[in-house]
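Descriptive analysis of the structure
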Amino acid sequence: MNRKNTILWVVLMLMMLFNFWLAEVSQTAVNWTLLVILIVTVIKFLGIAFQYMELKDAHRRWKIIFIVFILSFAVVAGLV
Amino acid sequence: MEKTKSFLYPPGGILIWIIVLVEVLTFGIALIVFRTYFHQDYDVFLASQNMLSKNIGLFNTIVLITSGFFMATVIVKIKQSRIKEAVKWMFFTIGTGLLFLFVKGWEYSIKINEGHGFGYDDFFDFYWMLTSFHFIHVLVGMAILSVLLFKLRKGDYGASNFLDIETGGVFWHMCDLIWILLFTVLYLLH
């Protein structure tokens, strides 16, 4: 068992439950809840990509490509 | 280490990362289009979204992320030359993948019995297209992992020879990444 992987799993679970709770308590499109849910989603996405998929060991161009993708996705998803 | 730091040699190989990039872009664009439709027909989409079982979606997210954690553990064990333990964690990975498919199939049967199949409205058209496409990816991932498990048990992989496992693992985690986006946009955002 890898300590970093285990910590990430716990953090992912907590963030997921937080996002779920936040979406449940906000029954209308409130800007700040949308923003928080998207930020947490970005962190989860990058956590899995960097630690579990070992993107942290890849060339920095790969890291930049995936960071740019998920940030662009979150911004556009939040704006439309 | 020098090799993996090269742009041409990311962990798992460049081909799988190109596939991951194309896949997340495809799903990402589709989800942006979904968000646009959502806001054009807000009340109808919100009503349909409320018909989804968020608890089932949450459960499946837990299952798939846990499966990803198991897969990451397989890689760790192989790097430590603990092949028997790697086999055990690979079984857990495939088992949780099966559980995901079973629960998703159950959710599909509930939606069909309720009359919310493909063609019910625009929301459910997106729901069925996106989640069934993801479902197929998980099926393909299970097939890949099953072949890798067979070869792992045969002794084909070890601490100095695990590129195939790493590649399969990246594909499996891609299913996690896509599901995280799907769950957030289809089930949570309104």
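Everything that follows concerns the structure shown earlier in this document.
Please read these numbers as outputs of a predicted model, since none were measured by experiment.

The rules behind the values
- Residues numbered from 1 in each chain as written.
- Chains lettered and ligands numbered in written order.
- Predicted model: local features only at pLDDT ≥ 70, side-chain atom pairs only at ≥ 80, totals over all residues.
- Heavy atoms only, no water.
- Helix = DSSP H or I, 4+ residues; strand = E, 2+ residues; numbered from the N terminus.
- Contact = heavy atoms within 4.5 Å.
- Areas by Shrake-Rupley, 256 points an atom, 1.4 Å probe, with all protein chains shown as cover.
- Patch = residues over 30% accessible without salt bridge, like charges linked within 9 Å, V, L, I, M, F, W, Y side chains within 5 Å.
- Salt bridge = Lys/Arg side-chain N within 4 Å of Asp/Glu carboxyl O.
- Buried area = accessible area lost by both parts, 1.4 Å probe.
- Polar contact = N/O pair within 3.5 Å; in protein donor to acceptor, adjacent residues only side chain to side chain.
- Phe/Tyr/Trp six-rings, centres within 6.5 Å; stacked < 30°, edge-to-face > 60°.
- Buried < 20%, exposed > 50% of the residue type's maximum accessible area, 1.4 Å probe, protein only.
- Lys NZ or Arg CZ within 6 Å of the ring centre and 35° of its normal.
- Axes fitted to C-alpha atoms, helices over the stretch in contact; angles between N-to-C directions.
- Parallel < 35°, antiparallel > 145°, perpendicular 65-115°, else oblique.
- Nonpolar A, V, L, I, M, F, W, Y, C, P; charged D, E, K, R; others polar.

**So, the overall build of chain A**
- A count of helical and extended segments in chain A gives 3 helices and 0 strands.
- Listing the helices and strands of chain A from first to last along the sequence gives α-α-α.
- Across chain A, the fraction of contacts at a sequence separation of at least 24, relative to all contacts at a separation of at least 6, is 54%.
- As displayed, chain A offers around 4000 Å² of accessible surface, 73% of which is attributable to carbon and sulfur atoms.

**Describing a nonpolar patch on the surface**
- Residues Val75, Val76, Leu79 and Val80 of chain A make up a contiguous nonpolar surface patch of roughly 340 Å² in combined accessible area.
- Considering the arrangement of structural elements, one finds Val75 of chain A in helix α3 (residues 60-79).

**A closer look at the interface of chain A and chain B**
- Every contact between the two is made by 44 residues of chain A and, on the other side, 53 residues of chain B.
- With both sides pooled, the region where chain A packs onto chain B buries about 4400 Å², and carbon together with sulfur makes up 77% of that total.
- Across the contact surface, chain A and chain B share 2 salt bridges.
- A salt bridge links Glu24 of chain A to Lys54 of chain B, with the nearest nitrogen and oxygen atoms 4.0 Å apart.
- The tally of links between chain A and chain B comes to 6 residue pairs in polar contact (both at pLDDT 80 or more).
- Going through the elements one at a time, α1 (3-25), α2 (31-52) and α3 of chain A are the ones with two or more residues in the side of chain A that touches chain B.
- With 11 residues, α1 of chain A is the largest single contributor of residues to the side of chain A that touches chain B.

**Observations regarding the packing of aromatic side chains**
- Applying the stated criterion to the full structure yields 31 aromatic pairs over all chains.
- Seen from their ring centres, Phe66 of chain A and Trp17 of chain B are 5.3 Å apart, and the 85° between their planes marks the pair as edge-to-face. Residue Phe66 of chain A is found in helix α3, and its partner Trp17 of chain B is found in helix α1 (residues 14-40); the two belong to separate chains. Side by side, Phe66 of chain A and Trp17 of chain B carry an identical accessibility label, which is buried.
- Measuring from centroid to centroid gives 5.2 Å for Tyr37 of chain B and Phe126 of chain B, while their planes differ by 70°, and the two rings are edge-to-face. Placement of the pair is Tyr37 of chain B in helix α1 and Phe126 of chain B in helix α5 (residues 122-154), with a sequence separation of 89 residues.
- Tyr37 of chain B sits in the partly exposed class, given a relative accessible area of 36%.
- Sitting over the face of the ring of Phe7 of chain B, Arg61 of chain A holds its NZ or CZ atom 5.4 Å from the ring centroid.

**Let's talk about the packing of α1 of chain B against helix α6 (residues 163-188) of chain B**
Residues and elements named next belong to chain B.
- The N-to-C vectors of α1 and α6 enclose an angle of 10°; their axes lie 10 Å apart at closest approach. Looking at the two axes, α1 sits roughly parallel to α6. Within the contact between the two elements, α1 uses Ile16, Trp17, Ile19, Val20, Glu23, Val24, Phe27, Leu31, Phe34 and Arg35 and α6 uses Thr167, Val170, Phe171, Met174, Ile178, Leu181, Leu182, Val185 and Leu186.
- Counted by class, the contact of α1 with α6 contains 16 nonpolar, 1 polar and 2 charged residues.

Any functional reading would require information that these geometric values do not contain.
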